[in-house]
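Residues per chain are reported as follows:
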Amino acid sequence: MTYALAIHGGAGTIDKSKMSPQLEKEYIKGLEDAIYAGEKILKNNGSAIDAVCAAVCVLEDHPLFNAGRGAVFTSNGTHEMDAALMDGKDQNVGAVAGAFGPKNPILLARKVMEETDHAFIIGDTLNDIANSHNLVIKPKEYFFTQQRWDALQETLKLKQEGKVSDDPAVRHGTVGAVALDEKGNVAAATSTGGMTGKLPGRVGDSPVIGGGTFASNQTCAVSATGYGEIFMRYTAAADVSSRMKFLNEDVQTAATHIVMEELLPNDGTGGLIAVDIYGNISMPFNSSGMYRASVSSKSDLVVAIF
Ligand code: ASP
């Protein structure tokens, strides 16, 4: 019996010279905590969907990652969070966009999947769902981090001068997880604050099924991170699966093709994580770094940034 799990905490121009040993340690610890939370479930014969939710919740609770607590600000200085999860067993999905309040947007997406007749919900209904299912709600202050606020001020200033920041890692990021459980089911979960200074109402690729999140027991589970508009336009996550299904590519070939041959030439900086139904893991990226970790019943723990 095989299980496998991979997680990411965002990709971008991660400047090694700006990464102090202390900060690097904090990122690594965050990734380790998340992967252990997910692996514990898989080791105990738990489901892939539970494992990806557990791993993503840890990353959402961590102030350094752009999701949940560490989410970036919109141009109005507010938070709007997107999240989605997909169960490869029946291709059931739950997605939310523009959410604010729930401590863990991925759990809100799960409620959409399990407690409503719908796949994707936005707006005030999300608050009703969160309240009626007793999700933990946090006030504005919980989601304030100085580093994200400073990034917004810098982005707004550059915008006024007609420039763009040369450090996308400060402006965006996302967290995600993909898993294969011992019953042979795959699942994917992705959660994000989006892009710093985004227009209110902007939705990225993360909650768009086939864009930033996809899972099917026919092929694999995928969670992406990067320049969302491009990932969406190129249906990045679904295309990894389609290449495997229709071209008989293995997960590594399919995932690398999408990241290097489809996204990169089209300004789609970032990367993705994928796990296939045999437990093979692929984590390609075309930026200078991607916070990532993986483990499986047949391979050792890997935690890496660059
Ligand atoms: N893909 C996310 C978005 O566009 C951002 C990221 O992953 O860096 O909202």
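Residues numbered from 1 in each chain as written. Predicted model: local features only at pLDDT ≥ 70, side-chain atom pairs only at ≥ 80, totals over all residues. Heavy atoms only, no water.

Enquirer: Where do I start with the side chain of arginine 110 in this structure?
Expert: Inspection of the secondary structure assignment puts arginine 110 in helix H3 (residues 105-115). Its relative accessible area of 16% is what places arginine 110 among the buried residues. With near-sequence residues (within four places) excluded, arginine 110 lies in contact with Ile49, Asp50, Cys53 and Leu85. (Helix = DSSP H or I, 4+ residues; strand = E, 2+ residues; numbered from the N terminus. Buried < 20%, exposed > 50% of the residue type's maximum accessible area, 1.4 Å probe, protein only. Contact = heavy atoms within 4.5 Å.)

Enquirer: How should I be thinking about the pairing of strand E9 (residues 270-276) in this particular structure?
Expert: Counting buried residues in E9 gives 7 out of 7 residues, a clear majority hidden from the surface. Neither face of E9 is left uncovered, since the one carrying Gly270, Leu272, Ala274 and Asp276 and the one carrying Gly271, Ile273 and Val275 both have all their residues buried. Alignment of strand E8 (residues 220-226) against E9, held across 7 bridges, turns out to be antiparallel. The residue of E9 that forms the bridge with cysteine 220 is aspartate 276. Sheet analysis places E9 next to strand E10 (residues 281-282), joined by 2 bridges and oriented antiparallel. Across the sheet, the residue bridging to valine 275 is isoleucine 281, located in E10. Where E9 folds back on E10, the antiparallel hairpin that results is connected by 4 residues, among which glycine 279 adopts a positive phi of roughly 95 degrees. (Pairing = 2+ DSSP bridges.)

Enquirer: Help me out: how do you make sense of the pairing of strand E6 (residues 186-192) in this one?
Expert: Within E6, 7 of the 7 residues are buried, leaving the element largely enclosed by the surrounding structure. Taking every second residue as pointing to the same face, both faces of E6 are buried, with Val186, Ala188, Thr190 and Thr192 on one and Ala187, Ala189 and Ser191 on the other. As paired strands, strand E2 (residues 81-87) and E6 are joined by 6 bridges and run antiparallel to one another. Paired with leucine 85 across the two strands is alanine 189, which belongs to E6.

Enquirer: Any chance you could explain helix H1 (residues 21-43) here in plain terms?
Expert: Within an α-helix, residues lying three or four positions from one another point in the same direction, as the helix has 3.6 residues per turn. End to end, H1 covers 32 Å across 23 residues, agreeing with the expected 33 Å (1.5 Å per residue, within 8%). Looking at the buried residues of H1, the elements they touch are strand E1 (4-12), helix H2 (48-60), strand E5 (175-180), strand E11 (289-296) and strand E12 (299-304). Two residues or fewer after H1 comes asparagine 45, characterised by a positive phi angle close to 65 degrees. (Expected span 1.5 Å × (residues − 1).)

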